[in-house]
Amino acid sequence: MTNLAHYDIVGSFLRPQELKQARAEFKEGKLSKTDLRALEDKLITDLVAKQKEVGLKAVTDGEFRRGFWHLDFLENLNGVEGYHPQAYNQQFQGTNAPAYNVRVVDKISFNFDHPFLKDFSFLKEVAGPEVLAKATIPAPTMLYRQEVLANDGTSKLSEVYPNLNDFYHDLAKTYSDAIQAFYALGCRYLQFDDTNWAFLVDEHKRADLKAKGIDPVEATKISRQIINEALANKPSDLTVTTHVCRGNHASSWLFSGGYDQIAPDLFATDYDGYFLEFDDERAGGFAPLKYVPAGKRVVLGLVTSKRPQLEAPAELKARIKEASQYVDLADLALSTQCGFASTETGNKLTEADQWAKLKLVVSTAKEVWG
């Protein structure tokens, strides 16, 4: 595994107002695609410089070219299309994400002209050799959840895949090919973002699954199966981690529940590391970390990206010490619990708050690990 620092980032950053305005003008036909991309290039270059200034050893493009953390990637896979549902598809606490979603319409496979590949090449160029360029994409289980677990009755999956095992295999193969495509461009740090595991810990969602005749325990094992098949041929010098998220839009959330019921399967996935939310009581305690195999990296999301108030360093250190009862301190790291803008709307804090949070992560980690 790549030798990473004990402080890290999930990936998304608040979109500058200049970018929000430009994207709105592009949608209205007032700005060309070329001019929009030129502005994105400039702002991403500035963002990478700021990440280096804070002291980060792995940098992202902030997901500045995306509207959503997951849909932009998924709708550019072969066999998947984006569409506008009649109702909001993501019911957050107190708010709703924009009504847009994806669905499987044909056999799925990786698109080797996927726009994210070009985006990564740009990031790697501006990152330079002194830091890692980190690519972030949604996990394959996001399509599994969308089409099987959270199917609202409109999915056409059974027509495309009468045998669900064929769907699971194609999904894994799609991501295996994606891994190889990113690797060929020089990517050595790739992250799969995943709200599916949090969906499977939420008691309300588990009850919904049972009502539909779906066993949450079996769904958890299928999730592990898909991921491990996707990672089976991962190059040895490529670090692939996952971020388990309970929802992040406009400082709101979707799911609640500790890791207890999924830990044996989650930590049996062949990831090199796990970014885990632990910023409030909805994530439960650290005891499920006992299932993490020795040598796997656990990035503790103790600093919230949802609120501007800074956590007390002493409290962060105490929680890191508590977590070290289950995972060796050398295998732990610190980050925010999520990115700052999983959708282009962004969370309810300022850019100054965002950078203050990251400075806190870096300074606290340096005090703990040296």
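Here is what the cut-offs are and how they apply
Residues numbered from 1 in each chain as written. Predicted model: local features only at pLDDT ≥ 70, side-chain atom pairs only at ≥ 80, totals over all residues. Heavy atoms only, no water. Helix = DSSP H or I, 4+ residues; strand = E, 2+ residues; numbered from the N terminus. Rg over C-alpha atoms; globule rule 2.2 N^0.38 Å. Buried < 20%, exposed > 50% of the residue type's maximum accessible area, 1.4 Å probe, protein only. Contact = heavy atoms within 4.5 Å. Areas by Shrake-Rupley, 256 points an atom, 1.4 Å probe, with all protein chains shown as cover. Lys, Arg positive; Asp, Glu negative; His and termini not counted. Charge placed at Lys NZ, Arg CZ, Asp CG, Glu CD. Salt bridge = Lys/Arg side-chain N within 4 Å of Asp/Glu carboxyl O. Polar contact = N/O pair within 3.5 Å; in protein donor to acceptor, adjacent residues only side chain to side chain.

Tell me about the overall build of the chain, and name the residues and values.
A count of helices and strands for the chain gives 13 helices and 12 strands. Relative to its length of 370 residues, the chain is compact, with a C-alpha radius of gyration of 19 Å against a globular reference of 21 Å. On the principal axes, the C-alpha backbone points of the chain span a range of 55 × 50 × 45 Å. Counting all 370 residues of the chain, 58% fall into the buried class. Long-range contacts, defined here as pairs at least 24 residues apart, represent 79% of the contacts in the chain between residues at least 6 apart. In the form shown here, the chain has an accessible surface area of approximately 15,000 Å², with 49% of it arising from carbon and sulfur atoms. Averaged over its 43 positive side-chain charges, the chain has a centre that lies 3 Å from the centre of its 51 negative ones.

Outline the side chain of aspartate 193, listing residues and values.
Structurally, aspartate 193 is set in strand E8 (residues 189-194). Here aspartate 193 occupies a buried position and makes no salt bridge, while the nearest side chain of opposite charge, arginine 66, is found at 5.4 Å. One polar contact links aspartate 193 to glutamine 191, side chain to side chain, over a distance of 2.6 Å. Residue contacts for aspartate 193: discarding those within four places in its chain leaves Val10, Glu63, Trp69, Thr136, Ile137, Pro138, Ala139, Met142 and His243.

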